[in-house]
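The chain contents come next:
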Amino acid sequence: MDFPDEWTQEEYLINKQRLEKEGVKVLLIDTILSPIERADSVVYNPYELKQEPKGSVFVFYCDTGKATLNRLKEFKEKFPDYICISLKGGRGYWRKNMTVTDDQ
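A quick note: this is a predicted structure, and the numbers were derived from the prediction, not measured.

What counts, and where the lines are drawn
Residues numbered from 1 in each chain as written. Predicted model: local features only at pLDDT ≥ 70, side-chain atom pairs only at ≥ 80, totals over all residues. Heavy atoms only, no water. Helix = DSSP H or I, 4+ residues; strand = E, 2+ residues; numbered from the N terminus. Rg over C-alpha atoms; globule rule 2.2 N^0.38 Å. Buried < 20%, exposed > 50% of the residue type's maximum accessible area, 1.4 Å probe, protein only. Areas by Shrake-Rupley, 256 points an atom, 1.4 Å probe, with all protein chains shown as cover. Lys, Arg positive; Asp, Glu negative; His and termini not counted. Charge placed at Lys NZ, Arg CZ, Asp CG, Glu CD. Salt bridge = Lys/Arg side-chain N within 4 Å of Asp/Glu carboxyl O.

### Here we look at the overall build of the protein chain
Stage number 1. Looking only at helices and strands, the protein chain has four helices and five strands in total.
Stage number 2. The C-alpha radius of gyration of the protein chain comes to 13 Å, within 12% of the 13 Å expected for a compact globule of 104 residues.
Stage number 3. Across its three principal directions, the C-alpha atoms of the protein chain cover 35 × 30 × 20 Å.
Stage number 4. By the burial criterion, 36% of the 104 residues in the protein chain qualify as buried.
Stage number 5. For the protein chain, the exposed surface amounts to about 6300 Å²; the carbon and sulfur share of it is 48%.
Stage number 6. Of note, the protein chain has its 16 positive side-chain charges centred 3 Å away from the centre of its 18 negative side-chain charges.

### What about the pattern of salt bridges?
Stage number 1. Within the structure shown, the criterion is met by eight salt bridges.
Stage number 2. We note a salt bridge from Glu 52 to Lys 25, for which the minimum N-O separation is 2.7 Å. Of this pair, Glu 52 sits in the loop between α2 (46-49) and β4 (57-61) while Lys 25 is found in the loop between α1 (9-21) and β2 (26-30), placing the two residues 27 residues apart along the sequence.
Stage number 3. With a relative accessible area of 34%, Lys 25 lands in the partly exposed category.
Stage number 4. Its salt-bridge partner being Glu 77, residue Lys 73 comes within 3.9 Å of it at the nearest N-O pair. Of the two residues, Lys 73 and Glu 77 are both situated in helix α4 (residues 72-78); the distance of four residues between them amounts to about one turn of the helix. Considered together, Lys 73 and Glu 77 belong to a single accessibility category, that of exposed residues.

### Re unusual backbone geometry
Stage number 1. Even without a glycine there, the phi angle at Leu 33 is positive, about 55 degrees.
Stage number 2. Looking at where Leu 33 falls in the secondary structure, it is placed in the loop between β2 and β3 (41-43).
Stage number 3. At Arg 38, a position not held by glycine, the phi torsion is positive, near 65 degrees.
Stage number 4. Tracing the backbone through its elements, the reader meets Arg 38 in the loop between β2 and β3.

Everything listed here is a matter of geometry and, on its own, says nothing about what the molecule does.
Shown next, in the form of structure tokens:
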């Protein structure tokens, strides 16, 4: 599967659900030390991220999505064994009540 550089929140939620059913771990990575309410995220720590299973998907976020998109090349070089994606709109566009169902 080809992965884009960015996912919207909806794409993140749908793809996380689908990929995890296939055994692929998907992590939402906090690069600004500001957790998203009602979202399961981990703080950006390169050492700990490299302990995750190879092939995992890392979805990086900041406040607006611009900084993580600009740094995406750096993330891809730092984590060549992983899929790196930026969360479009970042923390500012996250809708805490958005959910997805199995049929989406």
